[in-house]
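Each chain, letter by letter, is given below.
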Amino acid sequence: MDTIVIGAGQSGLSAARALRDRGVTPVILEAGDQPTGSWADYYDNLTLFSPARYSAMPGMNFPGDPDGHPTRDEVVTYLRRYADTLDVEIRTGVRVASVEADGAGFLVHTVNGDTFRTMGVVAASGSFGNPYIPDLPGQDDFAGQVLHVADYRNPKHHAGQRVIVVGAGNSAVQVGYELAEVATVTLATRQPIQFMPQLIGGKDVHFWHDTTGFDFLPPQWLARVATGTLVLDTGDYAAALAAGRMNRRPMFTALDGDQVVWADGSRERVDTVIYATGYRPHLDCLRSLGCLDETGMPLHSGGISTSHPGLGYVGLEFQRSFASNTLRGVHRDAEHVAAPIAAYASRALAVYGL
């Protein structure tokens, strides 16, 4: 095989398209039963913050109202249709167990015992399989329920409960807002929530992302001016906080029995703590290759491995820009990574005896 792409979500599909356009024949290995990545596993009422017109991938518009905000299930349907247009081999139900170096190339081993030899590997397995939960005192013995937003589905399971949602990002606020319909909800955050208006000058913020080139700004520049996570808001979320429908408190310091211990020392009984604290790259299958640092983060520059020629990554958060890990922006990283991977897989170095 020329190249193997690990994962068939938005990142893997984008990588396969970019490689195909470079004349390389990729094969996608997807652990799930359909080429949609982790989208089907997100919470039931997830709705994109970007309108459909700004949520499409190259070559296929997002159907429906271009100013509407697609739901989780609409994204799943879109990705399934997108996969059908690629004319590349996608093998579902194939989980990669490990990758090892094999001369100038790689051996890709699967859980079911198959081994594939390839010159190039693109890791596009996303991060949903590696949710991050901070380790707090008393958490292991907490009498209530502790879960990550990756395991949250809908509010009905929490009706009448006292719920703490940990996090200050879009998912935390969206989940807290819908839970407040049936539960008593507090958003626990280390910093005050920073809202960004969905509309600026009468235009959706994604219009400005597109027309100003904001999506092309490197994360190193953004880090110098952005001091925290921004939450897109049509006005509903900030209004809900202002009206007391849900409230926000500084992050608690510990869990004790069935209680949380707040930063001011007060205690409160809680039924459920939901961590909306993000994810880390899900790259365990590469660990034995020696391409990750001690925290499990890949050694790379813009998605191109700095440890192994022929290895690349697509779908890392802020890989090259604000839009890196989004439907609208992942293709740019895929195209950036595909060029050297395709050259390497086509044995460009061999022409020079290297």
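Going by the structure above, here's the rest.
All figures in this text were calculated on a predicted structure; none of them were measured in a lab.

Quick look at the pattern of salt bridges now. A full pass over the atoms with the stated rule returns 17 salt bridges. The salt bridge partner of arginine 53 is aspartate 67, with a shortest N-O separation of 3.0 Å. Of this pair, arginine 53 sits in the loop between β2 (26-30) and α2 (72-84) while aspartate 67 sits in the loop between β2 and α2, placing them 14 residues apart in sequence. Overall, arginine 53 belongs to the partly exposed group, its relative accessible area being 43%. With its nearest N and O atoms 3.6 Å apart, the salt bridge here joins aspartate 258 to arginine 269. One end of the pair, aspartate 258, is in the loop between β16 (254-256) and β17 (259-261); the other, arginine 269, is in strand β18 (residues 267-269), and eleven residues separate them in sequence. Residue arginine 269 is classed as partly exposed on the basis of its relative accessible area, which comes to 48%.

Looking now at helix α4 (residues 205-212). Within α4, burial applies to Val205, His206 and His209. The arc that holds every buried residue of α4, seen down its axis, measures 105°, which confines them to one face. Taken together, the buried residues of α4 touch β11 (194-197), β12 (199-200), β13 (203-204) and β14 (230-233). The N-cap of α4, judged by a side-chain oxygen 2.8 Å from the amide nitrogen of histidine 206 a few residues on, is aspartate 204. Taken from the residues just after α4, glycine 213 is the one with a positive phi, measuring 85°.

Moving on: a nonpolar patch on the surface. On the surface, Leu349, Val351, Tyr352 and Leu354 cluster together to form a nonpolar patch covering roughly 520 Å² of accessible area. In this structure, leucine 349 sits in the segment after α7 (330-345).

Positive phi values are uncommon outside glycine, yet aspartate 87 reaches one of about 55°. Its place among the elements puts aspartate 87 in the loop between α2 and β3 (89-92). Accessibility expressed as a relative area gives 73% for aspartate 87, which makes it exposed. Positive phi values are uncommon outside glycine, yet arginine 347 reaches one of about 60°. Within the element layout of this structure, arginine 347 appears in the segment after α7. The exposure class assigned to arginine 347 is partly exposed, which follows from its relative accessible area of 46%.

Turning next to the sheet that holds strand β8 (residues 145-148). Here five strands make up an open sheet; going across it, the order is β8-β19-β9-β10-β15 and the pairing parallel. Strand pairing shows two members of the sheet lacking a second neighbour, β8 and β15 (247-250), which therefore form its edges. Averaged over neighbouring strand pairs, the angle between their axes works out to 25° when direction is ignored. Bridge count for strand β9 (residues 162-166) against strand β10 (residues 184-189) is five bridges, and the pairing is parallel. Within β10, the position partnered with valine 165 by the bridge is leucine 187.

One finds Leu13 and Trp39 to be the most contacted residues of the largest nonpolar core, which totals 62 residues. Excluding its chain neighbours within four sequence positions, the residues that come into contact with leucine 13 are Ala8, Ile28, Pro35, Met57, Leu79, Tyr82, Ala83, Leu86 and Ile90.

Aromatic ring pairs are reported here in terms of the distance separating the ring centres and the angle at which the planes meet. Applying the stated criterion across every chain, the model contains twelve aromatic pairs. With centroids separated by 6.2 Å and ring planes inclined at 50°, the aromatic side chains of phenylalanine 318 and phenylalanine 322 adopt a geometry described as tilted. A relative accessible area of 33% means that phenylalanine 322 is categorised as partly exposed. Through a chain of ring-to-ring contacts, the aromatic side chains of Trp39, Tyr42, Phe128 and Tyr279 assemble into a single cluster. If you follow lysine 203 out to its NZ or CZ, it ends over the ring of phenylalanine 207, 5.0 Å from the centre. The cationic tip of arginine 249 hangs over the ring face of tryptophan 262; the distance from NZ or CZ to the ring centre is 4.2 Å.

Between helix α3 (residues 170-179) and helix α6 (residues 236-243), the shortest axis-to-axis distance is 11 Å and the interhelical angle comes to 55°. Put simply, α3 runs oblique to α6. Relative to α6, α3 is oriented so that their crossing is left-handed. In this structure, α3 uses Val173, Gln174 and Tyr177 to contact α6, whose residues at the interface are Asp236, Tyr237 and Ala240. Here the residues of the contact of α3 with α6 are counted per class, giving four nonpolar, one polar and one charged.

Thresholds, definitions, all that
- Residues numbered from 1 in each chain as written.
- Predicted model: local features only at pLDDT ≥ 70, side-chain atom pairs only at ≥ 80, totals over all residues.
- Heavy atoms only, no water.
- Salt bridge = Lys/Arg side-chain N within 4 Å of Asp/Glu carboxyl O.
- Helix = DSSP H or I, 4+ residues; strand = E, 2+ residues; numbered from the N terminus.
- Buried < 20%, exposed > 50% of the residue type's maximum accessible area, 1.4 Å probe, protein only.
- Arc of directions from axis to C-beta.
- Contact = heavy atoms within 4.5 Å.
- Polar contact = N/O pair within 3.5 Å; in protein donor to acceptor, adjacent residues only side chain to side chain.
- Patch = residues over 30% accessible without salt bridge, like charges linked within 9 Å, V, L, I, M, F, W, Y side chains within 5 Å.
- Areas by Shrake-Rupley, 256 points an atom, 1.4 Å probe, with all protein chains shown as cover.
- Pairing = 2+ DSSP bridges.
- Axes fitted to C-alpha atoms, helices over the stretch in contact; angles between N-to-C directions.
- Core = buried A, V, L, I, M, F, W, Y, C linked by side-chain atoms within 4.5 Å.
- Phe/Tyr/Trp six-rings, centres within 6.5 Å; stacked < 30°, edge-to-face > 60°.
- Lys NZ or Arg CZ within 6 Å of the ring centre and 35° of its normal.
- Parallel < 35°, antiparallel > 145°, perpendicular 65-115°, else oblique.
- Left-handed = near helix turned anticlockwise from the far one by under 90°.
- Nonpolar A, V, L, I, M, F, W, Y, C, P; charged D, E, K, R; others polar.

Honestly, it's all geometry; don't read function into it.
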